[in-house]
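Residue-level structure breakdown
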Amino acid sequence: MSLADRGRLAAGAARARVPAMARPDLLTVTDRGIFCPAGGFHIDPWRPVARALVTHGHADHARPGMGAYLAAEGAAPVIRHRLGVPVQTLRFGEPVTIGGVTVRFHPAGNVPGSAQDQGERAGGVWVVSGDYKTEADRLSEPFEPVRCHTFVTECTFGLPVFRWRPEAEAMAAVDAWWAENRAEGRVSVLGAYALGKAQRLLAGIDAGAGPILTHGAVETVNAVLRAQGLRLPPTIRVTPGLDVRAYPGALVLATPSALGSAWMRRFGRASTAFASGWMALRGIRRRRAADRGFVISDHADWEGLNAAVRATGAARVIATHGYTASFRRWLEEQGYEAGAIETEFAGESLEAPEPETEAETEAETEAETEAEAEAAETGTAGAGAAETGAAE
Amino acid sequence: MKRFAALFAALDGTTRTSAKVAALADYFREAPEADRLWTVALLSGRRPKRSVSATRLAGWAAERAGLPEWLFADAYAVAGDLAETIALILPEPARPAERSLAEWIAEVRALAALPEEEKKPRILAAWEALGGTERFLFNKLLTGGFRMGVSQTLMTRALAQATGIPEPELAHRLMGDWSPERTSWASLVLADDPAADLSRPYPFCLAYQIEGDPAALGPPADWFAEWKWDGIRGQLILRGGAHHLWSRGEELITDRFPELAGARDLLPPGTVIDGEVLAFAGGRPLPFAQLQRRIGRKSVPRSVLAEAPVVLMAYDLLEAGGADIRQRPFAERRARLAALLAALPPEAPLRLSPEAVFDDWAALARLRERSRAAGAEGLMLKRRAAPYLAGRRKGDWWKWKVDPFSIDAVMVYAQAGHGRRANLYTDFTFAVWDGDDLVPFTRAYSGLTDAEFARITAWVRKNTLERFGPVRRVRPEHVFEIGFEGIQRSSRHRSGVALRFPRMLRWREDKPAAEASTLADLRALLDLYG
Ligand SMILES: [Zn+2]
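Conventions we followed
Residues numbered from 1 in each chain as written. Chains lettered and ligands numbered in written order. Predicted model: local features only at pLDDT ≥ 70, side-chain atom pairs only at ≥ 80, totals over all residues. Heavy atoms only, no water. Helix = DSSP H or I, 4+ residues; strand = E, 2+ residues; numbered from the N terminus. Contact = heavy atoms within 4.5 Å. Areas by Shrake-Rupley, 256 points an atom, 1.4 Å probe, with all protein chains shown as cover. Salt bridge = Lys/Arg side-chain N within 4 Å of Asp/Glu carboxyl O. Buried < 20%, exposed > 50% of the residue type's maximum accessible area, 1.4 Å probe, protein only. Domains from an automatic or database assignment. Buried area = accessible area lost by both parts, 1.4 Å probe. Nonpolar A, V, L, I, M, F, W, Y, C, P; charged D, E, K, R; others polar. 1 Å grid on protein atoms, 1.4 Å probe; cavity = no way out; pocket = protein on both sides within 12 Å on 5 of 7 lines; lining within 4 Å. Points joined across faces, edges and corners; volume = space filled by probe spheres on them. Donors = N, O, S within 2.8 Å, 3.2 Å for Na, K, Ca; no water. Tetrahedral: all angles 85-135°; square planar, octahedral: opposite > 155°, others 65-115°. Pairing = 2+ DSSP bridges. Axes fitted to C-alpha atoms, helices over the stretch in contact; angles between N-to-C directions. Parallel < 35°, antiparallel > 145°, perpendicular 65-115°, else oblique. Left-handed = near helix turned anticlockwise from the far one by under 90°. Expected span 1.5 Å × (residues − 1). Arc of directions from axis to C-beta. Polar contact = N/O pair within 3.5 Å; in protein donor to acceptor, adjacent residues only side chain to side chain. Core = buried A, V, L, I, M, F, W, Y, C linked by side-chain atoms within 4.5 Å. Phe/Tyr/Trp six-rings, centres within 6.5 Å; stacked < 30°, edge-to-face > 60°.

Helix and strand content of chain A: 10 helices and 19 strands. Put simply, of all contacts in chain A between residues at least 6 apart along the chain, 63% involve residues at least 24 apart. Surface summary for chain A: the accessible area is close to 13,800 Å², and the carbon and sulfur share equals 54%.

As structure tokens, this is what we get:
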């Protein structure tokens, strides 16, 4: 988190808490997800519903099969591309009334266009955070704290062992690793989620230092984001015909699951790394068996979560998606009226599926032969399973 | 400590052996001598002992970080490492200070002698002085669990690169009873006088398990075979009128086996014998369980001495007449060993390990089948022309163990692992059928691939029936083939048996739980081999 952000959040915390509204409340949970009965819509539902508000395009938030989709303008193109569905949009801050509820989206800082969804009715305000990150990066619209009575907060990294270093420091570490490999004539392969993390790295590192190649799944998202007006440095898509030797010392941005697969072979004696918040833990870092682990997360760290909760001024805080049991108890001890929602398919957060849709990742793994394709798939399956612990 | 932390980060930050060795060699060239010496000590298992209890440490850290103890415990369960959890939750160091590795180790050792209330302020002060990796390393030293993921062999290789001294020579110099406080870089590493220390052992020669057909080893006549005894590998040193017994883990175990003192009167000084310590009576080895009674206690009661007397089953002669003869061919060393022991009275605490004579590989395979009956766990094969090499190498020595015992068992409890396996369910309890009951009989935590552990972890989370702290009782559904090296009676286990080296051989996904083995199957093995 930048100092400015900390200041802003601290200022929010200084104000009095907003008391919780009377219940039955504006939000409930059904077997399909978080539901707003007054508005008749779900937020990031995990099963088909008539009307869905979708905070952002990660696969555990944007799922197929909904009757209607509403998302922030900047998040919609990726959702349309991934799900092949029409998506209605709102600009950040723009109000729309659904049922008797006034809905607004506010930047969450997770990926471009990612939103915190706010609902307001008869003076009662709730906010569902979606995934969020409190420190600004050079890609996504920076997180904005929103005053509310009830705050539903993710807590992917809701334990005090997760504390991030400042953005600039993390990016400098990637730059240094790439430079070291370039000096030794090695390719640097960096595993990062195809939506958000990969582009944040592109925007944050010293991209002019050398050629940057991309895995197909990453480049597909790059294309969607460029088309909506985001500026990214030039990248070269890795295709079966591409002569990688023509790009000595290149940085390759790959999906995490591609790292253990046959797709990697073309790069020879490459240095490998992952960029993920889970890399803060040495055990997970070692399990991934990459040369490096960069602690770079698109989620808030422990302090970020706590600062964000304080800044909302909410009296009622519901933990979801992550270390819900621990975070809820912590909030309770801090004097909040705390609750927890166990999102389906997540359970313990370490089990959460990768935000990339597996299908997309595999389709984009362009294996050269049938056998290689099979090997890649097995490799992907193995790595995918092993990394349930490292999914973000 | 900064330089040491940089070394640690470099070792931790690569999976390539050559890069690890290069980083270590650089360190051995650049770091202050006292730090180098301590690094050699740490990497050869000479760690300072735990100087404060884990519970105290956790409590102080939680208090300092302003966190409730339950939250610390939750965080610890996820990180899987106490030293790391503490390093991560504490605030940034308020008073950063640079002290050398040797100075911090001196602090850790000094703490061990202090009463608890004096430890706390000093540890808090250290946490205020150290940040990041340095704080983590300090905690690792405090908790006595320091490991760097570099084997002694790699360390020795790096040291050879840094000093220009040949690897086997260094391996020998680093053996035995030394500590950084009582020696110096010059006398331990650089001095060309390994015999200065009369108790110093030679590096053990170790074998790999043979893979495939032993016939690939060439003409049987080139090879010597003997039983692979199931005891404690040891090196008996007779020099200057004293005797020393070393275990393979470089632990001095002389006092645990007083029987071997008799060797001083029977063999000339300047003799070093490689062999196996065995509990032995009536002309044959006793089960390992008997020897176990002698391990882990400093002094041995008379009754145990009488019931489980030991001998050294001699394999090899490394030093004769005060001369290092490791470069002589095995056949010659063995002949000299035989001559040396031939004159011994039958009650002597040393025996010559008998040769397993064979003419062709098929005959040897038949001998191997009889290993268990002979009280052995398989065969050892040694090339007759080979010198005695240092460490584990392929080529001249092979072990050809019998297949392990195996039993198909149902997984009934699961627990998450630590360190690299944090967040993965890797420690399982297994049961066999006794009528309609499942009787737990062993735990096992190795033998599956990472992908299999990940898969079973996902299953455990969805199929937990009950939780007892970190342990989960799971639906009795999955069958695993459990391999083990031995079985003995045990009154401490409900099943009445205890296994030796249990591990998972494979996940029997083809087998329903109902078809797993029974308690009767286990008891049959116990009757035959217990
Ligand atoms: Zn997300």
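Our next topic: the pattern of salt bridges. Residue and element names in this part refer to chain A. Following the criterion strictly, the structure yields 58 salt bridges over all chains and no others. Among the ionic pairs, R200 bridges to D137, the shortest N-O distance being 3.7 Å. Linking R200 in helix α4 (residues 197-204) with D137 in the loop between β10 (124-128) and β11 (150-155), this pair joins segments that are 63 residues apart in sequence. Just as R200 is buried, D137 falls in that class too. Between E180 and R292 there is a salt bridge, with the nearest N and O atoms lying 3.7 Å from each other. Of this pair, E180 sits in helix α3 (residues 167-183) while R292 sits in strand β17 (residues 292-294), placing them 112 residues apart in sequence.

Moving on, we get to the domain arrangement of chain B. Residue and element names in this part refer to chain B. Entries for chain B in the domain assignment read domain 1 (2-143), domain 2 (205-398) and domain 3 (405-529). With centres defined by C-alpha atoms, the gap from domain 2 to domain 3 works out at 34 Å. Facing 6 residues of domain 2, the contacting portion of domain 3 comprises 5 residues. Taken over both partners, the interface formed by domain 2 and domain 3 buries close to 530 Å², and the fraction arising from carbon and sulfur atoms is 41%. By the criterion of area lost to domain 3, the three top residues of domain 2 are F288, A289 and R372, representing 69% of everything that side buries. The interface formed by domain 2 and domain 3 holds 1 salt bridge in total. We note a salt bridge from R500 to D230, for which the minimum N-O separation is 2.5 Å. Tallying contributions element by element places helix α14 (residues 288-292) first for the side of domain 2 that touches domain 3, with 3 residues. For the side of domain 2 that touches domain 3, the class distribution of residues is 2 nonpolar, 1 polar and 3 charged.

Moving on, we come to empty space enclosed by the protein. Residues and elements named next belong to chain A. In the structure shown here, the tally under the stated rule is 6 cavities of 30 Å³ or more. The space that makes up the second largest cavity amounts to roughly 70 Å³. Looking at the second largest cavity, the residues that line it are K133, E135, W164, R165, E167, A170, R200, V295, I296 and S297. Partitioned by chemical class, the residues of the lining of the second largest cavity number 4 nonpolar, 1 polar and 5 charged.

This paragraph deals with the coordination of the zinc ion. Residue and element names in this part refer to chain A. Within the first shell, the zinc ion binds the protein through H56 (NE2), H58 (ND1), N110 (OD1) and D131 (OD), at distances of 2.1 to 2.6 Å. Metal-centred angles of 83 to 151 degrees between the 4 donor atoms at the zinc ion mark the site as irregular. Summarised as a motif, the one-chain spacing of the donors to the zinc ion is H-x1-H-x51-N-x20-D. Highlighted residues: H58 in the loop between β4 (51-53) and β5 (68-72) and N110 in the loop between β8 (101-107) and β9 (115-121), separated in sequence by 52 residues.

Once that is clear, we can look at the sheet that holds strand β3 (residues 41-43) of chain A. The strands making up a sheet associate through hydrogen bonds between their backbones, and the pairing can be parallel or antiparallel. All names here are of chain A. If you trace the 6 strands from one edge of the open sheet to the other, you get β1-β2-β3-β4-β5-β6, paired in mixed fashion. Looking along the sheet, the strands with just one partner apiece sit at the ends: β1 (28-30) and β6 (88-90). With strand direction ignored, the average angle separating the axes of adjacent strands in the sheet is 35 degrees. Both β4 and β5 contribute to a ladder of 3 bridges, which runs parallel. The partner of R51 across the bridge, within β5, is A68.

Residue and element names in this part refer to chain B. Across the interface, helix α4 (residues 54-65) lies against helix α6 (residues 82-89) with an axial gap of 9 Å and an inter-helix angle of 15 degrees. When the axes of α4 and α6 are compared, the pair comes out roughly parallel. With respect to the hand of their crossing, α4 and α6 are arranged in left-handed fashion. Along its contact with α4, which presents A54, L57, A58, A61, A62 and A65, the element α6 presents L82, I86 and I89. Counted by class, the contact of α4 with α6 contains 9 nonpolar, no polar and no charged residues.

On to α4(B), then. Residue and element names in this part refer to chain B. If you check α4, its first and last C-alpha atoms are 16 Å apart, about what 12 residues at 1.5 Å a residue would give, namely 16 Å. Turning to α4, the residues buried within the fold contact α5 (69-79), α6, α8 (116-129) and α9 (132-142). In the segment just after α4, G66 is the residue with positive phi, at about 70 degrees.

A word on the side chain of B:T429. As for its placement among the helices and strands, B:T429 is situated in strand β15 (residues 425-434). For B:T429, the contacting residues outside a window of four places in its chain are B:V410, B:M411, B:V412, B:Y413, B:P440, B:T442 and B:R443.

All right, on to helix α17 (residues 361-369) of chain B then. Residues and elements named next belong to chain B. Burial in α17 covers these residues: W361, A363, L364, L367 and R368. Projected down its long axis, α17 shows its buried positions confined to an angular sector of 155 degrees, all on one face. Relative to its buried face, α17 has exposed residues pointing more than 90 degrees away, namely R366 and E369. The residue sitting at the N-terminus of α17 and contributing the capping side-chain oxygen is D360; that oxygen lies 3.2 Å from the backbone nitrogen of A362.

Moving on: the nonpolar core. Counting 119 residues, the largest nonpolar core has A:F162 and A:F267 as the members making the most contacts within it. For A:F162, the contacting residues outside a window of four places in its chain are A:F157, A:G277, A:W278, A:A280, A:L281, A:D301, A:W302, A:Y323 and B:V78.

All names here are of chain A. We note that the domain assignment places domain 1 (23-162 + 298-340) and domain 2 (167-296 + 356-377) within chain A. Relative placement of domain 1 and domain 2: their C-alpha centres are 29 Å apart. If you look at the interface, domain 1 gives 22 residues, while domain 2 gives 23 residues. Both faces combined, the contact of domain 1 with domain 2 buries some 2,000 Å², and carbon together with sulfur accounts for 66% of it. The tally of links between domain 1 and domain 2 comes to 2 salt bridges.

Read across the open sheet, the 4 strands follow the order β2-β13-β11-β3 (chain B); overall the sheet is mixed. Sheet topology places β2 (208-209) and β3 (223-229) of chain B at the edges, where each strand pairs with a single neighbour.

A few words now on the interface of chain A and chain B. Contacts between the two partners involve 32 residues from chain A, matched on the other side by 38 residues from chain B. Summing the contributions of chain A and of chain B, the shared interface buries around 3,000 Å²; its carbon and sulfur component is 53%. If you sort the residues of chain A by the area they bury against chain B, A:V161, A:R282 and A:R287 come out on top, with a joint share of 22%. There are 3 salt bridges connecting chain A and chain B. Notably, a salt bridge pairs B:D12 with A:R285, separated by 3.7 Å at the nearest N-O pair.

All names here are of chain B. Relative to each other, helix α7 (residues 101-112) and α9 sit at 40 degrees, their axes nearing to 10 Å. Of the possible angle classes, the one that applies to α7 and α9 is oblique. Regarding α7 and α9, the two cross each other, and that crossing is right-handed. Mapping the contact onto sequence places L101, W104, I105, V108 and L111 in α7 and F138, L141 and L142 in α9.

A few words on the packing of aromatic side chains. Under the defined criterion, the tally for this structure stands at 30 aromatic pairs over all chains. When the centroid spacing of 5.6 Å and the interplanar angle of 90 degrees are considered together, the rings of A:F162 and A:W278 count as edge-to-face. Of this pair, A:F162 sits in the loop between β11 and α3 while A:W278 sits in the loop between β16 (271-275) and α6 (282-288), and the two are 116 residues apart along the sequence. When its relative accessible area of 0% is taken as the criterion, A:F162 is described as buried. Here A:W278 falls in the buried class, since its relative accessible area comes to 0%. Look at B:F8 and B:F146: their rings are 6.5 Å apart centre to centre, the planes differ by 50 degrees, and that puts the pair in the tilted class.

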